[in-house]
Amino acid sequence: MVVEISLRVNKTVHDVVVDNRRTLLDALREDTGHTGPKKGCDHGQCGACTVLLDGRRVLSCLTLAVAVSGAEITTVEGIAADGELAPIQRAFVELDGYQCGFCTPGQICSAVAVLAEHAAGWPSAVTEDVSPDRHSELTAAEVRERMSGNLCRCGAYPAIVRAVLAQ
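Below or above, wherever it landed, is the structure these notes cover. These numbers come from a predicted model, not from an experiment.

**Describing the overall build of the protein chain**
Each helix and strand counted, the protein chain has five helices and five strands in total. Order of helices (α) and strands (β) in the protein chain, N terminus to C terminus: β-β-α-β-β-β-α-α-α-α. Taking 2.2 N^0.38 as the reference for a compact globule, 167 residues should give roughly 15 Å; the C-alpha atoms of the protein chain span a radius of gyration of 16 Å, in line with that estimate. Among the 167 residues that make up the protein chain, the fraction classed as buried is 43%. Pairs at least 24 apart in sequence give 53% of the contacts found in the protein chain among residues at least 6 apart. Accessible surface computed for the protein chain: about 8,600 Å², of which carbon and sulfur atoms make up 52%. Taken as two groups, the 15 positive and 21 negative side-chain charges of the protein chain have centres that lie 3 Å from each other.

**Points about the pairing of strand β4 (residues 56-59)**
Pairing analysis gives four bridges linking strand β3 (residues 50-53) to β4, with the strands arranged antiparallel. Following the sheet pairing, L53 is matched in β4 by R56. Where β3 hands over to β4, the hairpin turn is made up of two residues, of which D54 adopts a positive phi near 50 degrees.

**As for the side chain of T23**
Relative to the helices and strands, T23 is located in the loop between β2 (12-19) and α1 (24-31). In this structure T23 touches S60, C61, T63, L64 and A65, once residues within four positions along its chain are discounted.

**Let's talk about the nonpolar core**
Of all hydrophobic cores here, the largest spans 22 residues; its most connected members are I88, F92 and V164. Among the secondary structure elements, those contributing two or more residues to this core are α2 (87-94), α3 (104-119) and α5 (157-165). Look past the residues within four positions of F92 in its chain and what remains in contact with it is G97, Y98, T104, Q107, I108, A111, I160 and A163. L7, V51, L53 and V58 belong to the second-largest nonpolar core, a separate cluster that totals 15 residues.

**Focus: the sheet that holds β3**
Picture the strands of a sheet paired through backbone hydrogen bonds; they go either parallel or antiparallel. Read across the open sheet, the five strands follow the order β2-β1-β5-β3-β4; overall the sheet is mixed. Each edge of the sheet is formed by a strand with only one pairing partner; in this case those strands are β2 and β4. Neighbour-to-neighbour, the strand axes of the sheet open up by a mean angle of 40 degrees, direction not taken into account. Where β3 lies against strand β5 (residues 72-74), two bridges are found, and the strand directions are antiparallel. Looking across to β5, one finds that L53 is bridged to I73. The strands touched by α1 within the sheet are β1 (2-9), β2, β3 and β5, with β1 carrying the most contacts at an inclination of about 75 degrees. In this fold α3 packs onto β3, β4 and β5, with an angle of close to 40 degrees to the strand it touches most, β3.

Parameters and conventions
- Residues numbered from 1 in each chain as written.
- Predicted model: local features only at pLDDT ≥ 70, side-chain atom pairs only at ≥ 80, totals over all residues.
- Heavy atoms only, no water.
- Helix = DSSP H or I, 4+ residues; strand = E, 2+ residues; numbered from the N terminus.
- Rg over C-alpha atoms; globule rule 2.2 N^0.38 Å.
- Buried < 20%, exposed > 50% of the residue type's maximum accessible area, 1.4 Å probe, protein only.
- Contact = heavy atoms within 4.5 Å.
- Areas by Shrake-Rupley, 256 points an atom, 1.4 Å probe, with all protein chains shown as cover.
- Lys, Arg positive; Asp, Glu negative; His and termini not counted.
- Charge placed at Lys NZ, Arg CZ, Asp CG, Glu CD.
- Pairing = 2+ DSSP bridges.
- Core = buried A, V, L, I, M, F, W, Y, C linked by side-chain atoms within 4.5 Å.
- Axes fitted to C-alpha atoms, helices over the stretch in contact; angles between N-to-C directions.

Here's what the structure looks like:
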């Protein structure tokens with residue numbers, strides 16, 4: 001079955017006709033021309049396809065396009081503003097948080113979400129004090145845990161952690 005949906009990607013609405021089984025990743029890359037999200041494993045295990053959905057990170061290879069019609073989707077292309085790299089993107093460049101660049105779009109989208117989650121006080125599996133009134137400093141251990149769903153085949157993990165911590 002095919003349906004017409006509206007995908008709001010990086011503040012631009014795209015009306016597309018998709019099969020109900022089409023993933024958000026395929027719709028982004030093939031129907032809207034946003035090639036930042038990468039098709040890595042296509043099983044939700046590598047994070048290369050990570051995008052922000054209403055500000056929260058999702059694996060676009062596991063998300064059906066029809067399920068997110070009308071939601072705000074941000075890809076790595078939408079993180080920069082007015083042709084200027086966002087601070088997290090500059091940090092990835094300046095601190096060598098990428099090598100081949102294949103995983104970088106997903107890493108950057110996850111980093112944006114990690115910073116927002118931490119700022120909102122959301123604990124992770126390594127947060128020592130989970131009391132509601134706590135606000136701890138973001139540590140390397142926190143960044144590693146929170147970014148653990150994004151794999152880097154080149155091994156740029158130490159530089160990725162430094163880039164996130166530089167924010």
